[in-house]
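Commentary on secondary and tertiary structure
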Amino acid sequence: GQQVMQIPQYQHVQEGEDFTTYCNSSTTLSNIQWYKQRPGGHPVFLIQLVKSGEVKKQKRLTFQFGEAKKNSSLHITATQTTDVGTYFCAGHQGAQKLVFGQGTRLTINP
Amino acid sequence: GAGVSQSPSNKVTEKGKDVELRCDPISGHTALYWYRQSLGQGLEFLIYFQGNSAPDKSGLPSDRFSAERTGGSVSTLTIQRTQQEDSAVYLCASSRDAYEQYFGPGTRLTVT
């Protein structure tokens, strides 16, 4: 079945440093979604990418969808303490269920 | 508008008892998912309902777990003969087809 792998599992950075998490699927995806879960909270949708090679930005966050639609990345520029949390990617393969990666937990040293 | 709601927010039960967890999805959302999340861990998929199709039960960890969705709306996750390893946060999410998922606040289950 479809698998979505996400790396790294954990990342600790100094405030102001950049952060990147990577997502890879075993199969071609129809779309990729990114979610953020703050400590003690529930996952909240950030963005969806649909097109091959698509790049979207939200302030300091840059999301990319690979040309083959099998990988994606989330890059945060100049991290702030408010960026702390776990970032999940999730992909749809056609009409099948959404499959989540294992998440990357980001901690930040102020 | 109202988001996804779950009840109870917290449940403490004795080992061996049955529990029922409820999820009220956003009105009109055809897809409903149940996940389990242990402390500091990722999202463990349990079951997926899509419209009138047969549910995808491939994530249910044992036959003690079951779920139903009545009238395409409210869903109940039932855990029979609870075990201590069932302790976790159970999250429900709903979506319109392949669009973004909206998560409920979760039910924290503690089995003593």
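Treat the numbers as computed from the prediction; the structure is a model and nothing was measured.

What follows deals with the overall build of chain A. From N to C terminus, chain A includes 0 helices and 11 strands. When its helices and strands are written in sequence order, chain A yields β-β-β-β-β-β-β-β-β-β-β. The C-alpha radius of gyration computed for chain A amounts to 13 Å, which stays within 12% of the reference 13 Å derived for 110 residues, consistent with globular compactness. Counting only C-alpha atoms, chain A reaches 40 × 25 × 20 Å along its principal axes. Put simply, chain A has 110 residues, and 47% of those count as buried. Restricting the contact set of chain A to residue pairs at least 6 apart, pairs at least 24 apart contribute 54%. Considering chain A, the positive charge centre built from 11 side chains and the negative charge centre built from 6 side chains are found 10 Å apart.

Right, let's talk about the side chain of Arg69(B) for a bit. Residues and elements named next belong to chain B. Mapped onto the elements, arginine 69 comes out in strand S6 (residues 65-69). Using a relative accessible area of 14% as the deciding quantity, one classes arginine 69 as buried. Among the polar contacts listed, one links the side chain of arginine 69 to the backbone oxygen of glycine 72, at a separation of 2.8 Å. In this structure the side chain of arginine 69 is engaged in a polar contact, spanning 2.9 Å, whose partner is the backbone oxygen of serine 73.

On to the interface of chain B and chain A. The interface of chain B with chain A comprises 19 residues on the first partner and 16 residues on the second. Counting each side, the surface lost to burial between chain B and chain A is near 1400 Å², with a carbon and sulfur contribution of 56%. Three residues stand out in chain B for area buried against chain A, namely Leu43(B), Ala98(B) and Phe103(B), and they jointly supply 32% of the buried area on that side. Between chain B and chain A we count 1 salt bridge in total. Salt-bridge contacts for Lys97(A) lead to Asp56(B); the nearest nitrogen and oxygen are separated by 2.9 Å. Linking chain B to chain A there are 6 residue pairs in polar contact (both at pLDDT 80 or more).

Conventions used here
- Residues numbered from 1 in each chain as written.
- Chains lettered and ligands numbered in written order.
- Predicted model: local features only at pLDDT ≥ 70, side-chain atom pairs only at ≥ 80, totals over all residues.
- Heavy atoms only, no water.
- Helix = DSSP H or I, 4+ residues; strand = E, 2+ residues; numbered from the N terminus.
- Rg over C-alpha atoms; globule rule 2.2 N^0.38 Å.
- Buried < 20%, exposed > 50% of the residue type's maximum accessible area, 1.4 Å probe, protein only.
- Contact = heavy atoms within 4.5 Å.
- Lys, Arg positive; Asp, Glu negative; His and termini not counted.
- Charge placed at Lys NZ, Arg CZ, Asp CG, Glu CD.
- Polar contact = N/O pair within 3.5 Å; in protein donor to acceptor, adjacent residues only side chain to side chain.
- Buried area = accessible area lost by both parts, 1.4 Å probe.
- Salt bridge = Lys/Arg side-chain N within 4 Å of Asp/Glu carboxyl O.

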